[in-house]
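Observations on the model geometry
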Amino acid sequence: MPGMELFGAEERKEVMDVLETGALFRYNHEEMRQGHWKARELEEEVEIFTGAKFAHAVSSGSTAVATALAAAGIGHGDEVIVPPFTYIATIEAVIFAGALPVFAEIDENLCLSAEGIEKALTPKTKAVLLVHMVGAAADMDAIMPVINKHKLTLVEDAGQALGAFYKGKSVGLFGKTGAFSFDFFKITTAGEGGLFITNDEKAYKLADNFSDHGHDHVGNNRGMEKHPILGFNYRISELHAAVGLAQMRKINELRDKKRANKAYMKAKLSQITELTFRPMPDPDGDSGTFLNFFLPTTEMAKKVMKEFANHDVGGCNYWYTNMYHFINQWEHLKKLRSAAPLAIHHFGAPQDYNKLELPKSQEVIGRLISLGVRATWTEEEMDKQADEMIQIIKRVIG
Ligand SMILES: *Cc1c(COP(=O)(O)O)cnc(C)c1O
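Report follows, based on the coordinates. This is a predicted model, so every value here is computed, not measured.

1. Things to note about the side chain of D286
For D286, the position within the fold is in the loop between strand 10 (276-277) and strand 11 (290-294). For D286, a relative accessible area of 6% puts it in the buried group. There is a polar contact of 2.6 Å between the side chain of D286 and the side chain of K262. If near-sequence neighbours (up to four positions away) are discounted, D286 is found in contact with G135, A136, G163, R255, R259, K262 and M280.

Quick look at the structure:
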């Protein structure tokens, strides 16, 4: 998911539009802006692409998740089920909402499983913050009945899954609210940026107000608009929105290329019969950003990664030890270390994060290697990458 793969004249043009007017703020200043409303245009592109009734651009994926939680009514003291495999932003968003993360098991689909969610339920469970990890959707046909049966609020962190669909529906639209990231490493980038989506008009209005100090954005008198709720500044700037807009217009091209390249690489790696691949309930909805495969054991996966490093074979992520996306790395969370007291210090953590047993998640992430799929690869580059990987994997498996 490296950002900026297709980056150039289109992004520069959108940014220059903004620079030439000097209207860097997404609201007001009609007299300066010569008709340019980049944040609004970005939101319209996201609405068209995802099919969401409402999209709202904010300053980052992290603030999009925070906005999604707030607009779904999740806050102080609420237990929220979360996965142990995600970017830490997911967990931070829950904690800084004053809510209490409860970890549940994932499965080979790399997202929370229906079974994992059911086992983590308590009488205080208010919501599930479902993360669609590494480019594809969770198993929604299995998860939605659990959400509905227990009357939970579903919020989706689709930070890594813009472009992923499940049976024709975009991730982020299964629950009350959803969030995407446009940071530097995602399929489309704004440098920094995030998108909130929902089909619920009330949630949209709350998100729009919440992410701008409660301003209701009605009329042109910025100072004296109505302020129905408290909020904070999670606004995106017009400059970032301009980059995001140009990128969003390329998402179909990016996704098509990634999916084709992923299929090519998967066909190659499939000759190693010991490898298994991430099961996807709807492979047609894959965003194509990662080829996720499993070694038979964690030891083998570690050895393969070591040999990749020894032979300068890049492109693969090993989340279990080399990345910041798995609970084993989150020592600060386990000790609840923060700059200042938090609601979770007051309430107490709902689980002992030091002693959490998540054997299924440990086993799955231990065996997982994720190859980042590039849209810009040539066939030659893919052949070289695949050949080097296959040689090493075969040697390790023996
Ligand atoms: C990247 C990411 C975020 C945070 O997005 P930023 O734009 O970097 O703040 C949140 N959740 C997930 C799953 C992510 O991958």
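Past the structure itself, the notes keep going.
2. Focus: helix 13 (residues 359-367)
Considered for burial, the residues of helix 13 that qualify are S361, V364, I365, G366 and R367. Those residues of helix 13 that are buried are in contact with strand 10, strand 11, helix 10 (298-310) and strand 13 (368-372).

3. Notes on the layout of surface pockets
Of the voids in this model, the second largest pocket is the one considered here, and its volume is about 330 Å³. Forming the walls of the second largest pocket are 22 residues, and the residues nearest its centre are Y27, D208, D216, H217 and V218. Breaking the lining of the second largest pocket down by element, the ones donating at least two residues are helix 2 (38-50) and helix 7 (201-210). Taken together, the residues of the lining of the second largest pocket sort by class into 5 nonpolar, 6 polar and 11 charged.

4. Here's the deal with the sheet that holds strand 11
Either a parallel or an antiparallel arrangement is found when strands of a sheet pair, and the pairing is made through backbone hydrogen bonds. Strand order in the open sheet formed by 4 strands is 10-11-13-12, and the pairing between neighbours is antiparallel. With one partner strand each, in any of the chains shown, strand 10 and strand 12 (316-317) form the two edges of the open sheet. Contacts from helix 13 reach strand 10, strand 11 and strand 13 within the one sheet, and its direction differs from that of strand 13 by about 45 degrees.

5. Section: helix 7
Of the positions making up helix 7, those classed as buried are A203, Y204, A207, D208, N209 and F210. Its buried side turned inward, helix 7 meets helix 2, strand 1 (54-58), helix 3 (61-71), strand 8 (177-181) and strand 9 (194-198). Capping of helix 7 at its N-terminal end is provided by D200; its side-chain oxygen lies 2.9 Å from the backbone amide nitrogen of K202.

Thresholds, definitions, all that
- Position numbers for residues start from 1 in each chain and track the written sequence from start to end.
- Restriction of local features to residues with pLDDT of at least 70 applies here, the model being predicted, together with a cutoff of 80 or more for giving and counting side-chain atom pairs; totals for whole chains, interfaces and linings are based on all residues.
- Only hydrogens and water are set aside when side-chain values are computed; all heavy atoms of the structure are taken into account.
- Going along the chain from the N terminus, every DSSP run of H or I of four or more residues is numbered as a helix, and every run of E of two or more is numbered as a strand.
- The buried label goes to any residue with under 20% of its type's maximum accessible area, the exposed label to any with over 50%, and the partly exposed label to all in between, with areas taken from a 1.4 Å probe on protein chains only.
- The term polar contact refers here to a pair of N or O atoms within 3.5 Å; inside protein, the definition further demands a hydrogen-donor-capable atom paired with an acceptor-capable atom, and it admits residues adjacent in sequence only when both atoms are side-chain atoms.
- Here, two residues are considered to be in contact whenever any of their heavy atoms come within 4.5 Å of each other.
- Note on definitions: the grid is 1 Å and covers protein atoms alone; a cavity is a set of points where a 1.4 Å probe fits but cannot get out; a pocket is an open set with protein on both sides within 12 Å along at least five of seven lines; lining residues have an atom within 4 Å of a point.
- Grid points are joined across faces, edges and corners, and a volume is the space filled by probe spheres set on the points.
- Throughout, the ten residues Ala, Val, Leu, Ile, Met, Phe, Trp, Tyr, Cys and Pro are labelled nonpolar, Asp, Glu, Lys and Arg are labelled charged, and all others, Gly among them, are labelled polar.
- Paired strands, as defined in this entry, are two strands with at least two bridges between them according to DSSP.
- Fitting a line to C-alpha atoms yields each axis, with helices limited to the stretch in contact; the angle taken between N-to-C directions then spans 0 to 180 degrees.

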